[in-house]
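# Coordinates in review
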Amino acid sequence: MRRVLAATVSLWLLLVPTLALAHPHAWIDLRTRVVADGDGRVAGLRQHWEIDPLYSLMLMEEFGSTGEGGARAEGLERLAETMLGNMAEFDYMTRLTIDGERVAWDGVEDVRLTVDDASDALHFRFTLMLSEPVALGGRQLEYAVYDPTYYIEILHDDGDAIETGALGPGCSVHVREPDPPQSLVARLARIDRSDNPVQDGVGARFAERVRIGCSA
C-alpha cells in the first residue's frame, strides 16, 4: 500500500485479542477530514482507514465475514463493533489537543466497515465528535492517530489525505513525520509471542503529528 516503518504486532492485539499470537506486520493508510458546524467551528474528525490486505483477511476470517450476502454483512458489523469497543478505552486511538490542552471525544457517528473486492482491503470509516464545537481562529489544533501500546504504521497516504476545507480559508496544515530511534525500531521488531505485549508509550514514538492552524 505504501512505504515505511515495518511494524510488528500491533493494533489488532488491542482491537481483537484472539489474534494475539499472530504477530504479522500491519499497515493502515489514513485519510482524515475535519468536520465543522455551520459557523466553521471544529465539530469532529472523520477518519478513513484502509487496512492492509493480510490483516484484513485475518480479521474477516475471525469474524465470519469472508462469505457473501447477509452473513458477510453481519460479520463486518460484529467486527466494527468489536474494534470500536476496544478502541474506546484509548480515546479511539486519536489524541487531540487544542493549544496544547487535551480534548476528549464525546462519541462516534457514521460508522462503516466495508471490503474492497479488488484489493481485499478493509475500509473502516467513522466520525469522532466533540461535545461542543470549537472555534479555531487564532488557535492550534493537533492530532495523532496511533496504537498507544504497540509499534504499527498508521500514516496519511498522500498529500491530499487531510481535508480542512470545511473550516473555510485561512487555515494551514503541517505534518510532522515520526522519527523514532533505530535502536527502538530494532528492539520492537524482535518482539515475539513470548514477550509481554504491553509497551506503554511506544505507539506515540511512531505517530504522525498533524497540526492545523487558522487565522483569527
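See the structure shown above.
Residues numbered from 1 in each chain as written. Predicted model: local features only at pLDDT ≥ 70, side-chain atom pairs only at ≥ 80, totals over all residues. Heavy atoms only, no water.

This paragraph deals with the overall build of the protein. In terms of regular secondary structure, the protein is built from five helices and eleven strands. Classification of the 216 residues of the protein by burial places 48% in the buried group. Put simply, the protein shows about 10,400 Å² of open surface, and 47% of that area lies on carbon and sulfur atoms. (Helix = DSSP H or I, 4+ residues; strand = E, 2+ residues; numbered from the N terminus. Buried < 20%, exposed > 50% of the residue type's maximum accessible area, 1.4 Å probe, protein only. Areas by Shrake-Rupley, 256 points an atom, 1.4 Å probe, with all protein chains shown as cover.)

One pass over the full model with this rule turns up three aromatic pairs. Between Trp 49 and Phe 124, the ring centres sit 5.8 Å apart and the planes meet at 80°, which makes this aromatic pair edge-to-face. Of this pair, Trp 49 sits in strand 2 (residues 42–51) while Phe 124 sits in strand 6 (residues 121–134), and the two are 75 residues apart along the sequence. The exposure class of Phe 124 is buried, given its relative accessible area of 0%. Taking 5.5 Å as the distance between ring centres and 75° as the angle between the ring planes, the aromatic pair formed by Trp 49 and Phe 126 counts as edge-to-face. Linking Trp 49 in strand 2 with Phe 126 in strand 6, this pair joins segments that are 77 residues apart in sequence. (Phe/Tyr/Trp six-rings, centres within 6.5 Å; stacked < 30°, edge-to-face > 60°.)

In total, this model carries one disulfide according to the counting rule given. Disulfide partner of Cys 171: Cys 214, at an S-S distance of 2.0 Å. Taking the sign of the S-S torsion, about 110° here, the bridge from Cys 171 to Cys 214 comes out right-handed. Placement of Cys 171 in strand 10 (residues 171–176) and of Cys 214 in strand 11 (residues 209–214) is noted, with a sequence separation of 43 residues between them. Residue classification places Cys 214 among the buried positions, given a relative accessible area of 10%. (Disulfide = S-S within 2.5 Å.)

Let us look at empty space enclosed by the protein. Counted by the stated rule, this structure contains one cavity of 30 Å³ or more. By volume, the largest cavity is sized at about 40 Å³. Every residue lining the largest cavity is listed: Val 34, Val 42, Gly 44, Leu 45, Leu 96, Trp 105, Leu 141 and Tyr 143. Of all the secondary structure elements, the ones that give two or more residues to the lining of the largest cavity are strand 2 and strand 7 (140–145). Broken down by element, the residue count for the lining of the largest cavity peaks at three residues, all from strand 2. Per-class residue counts for the lining of the largest cavity are seven nonpolar, one polar and no charged. (1 Å grid on protein atoms, 1.4 Å probe; cavity = no way out; pocket = protein on both sides within 12 Å on 5 of 7 lines; lining within 4 Å. Points joined across faces, edges and corners; volume = space filled by probe spheres on them. Nonpolar A, V, L, I, M, F, W, Y, C, P; charged D, E, K, R; others polar.)

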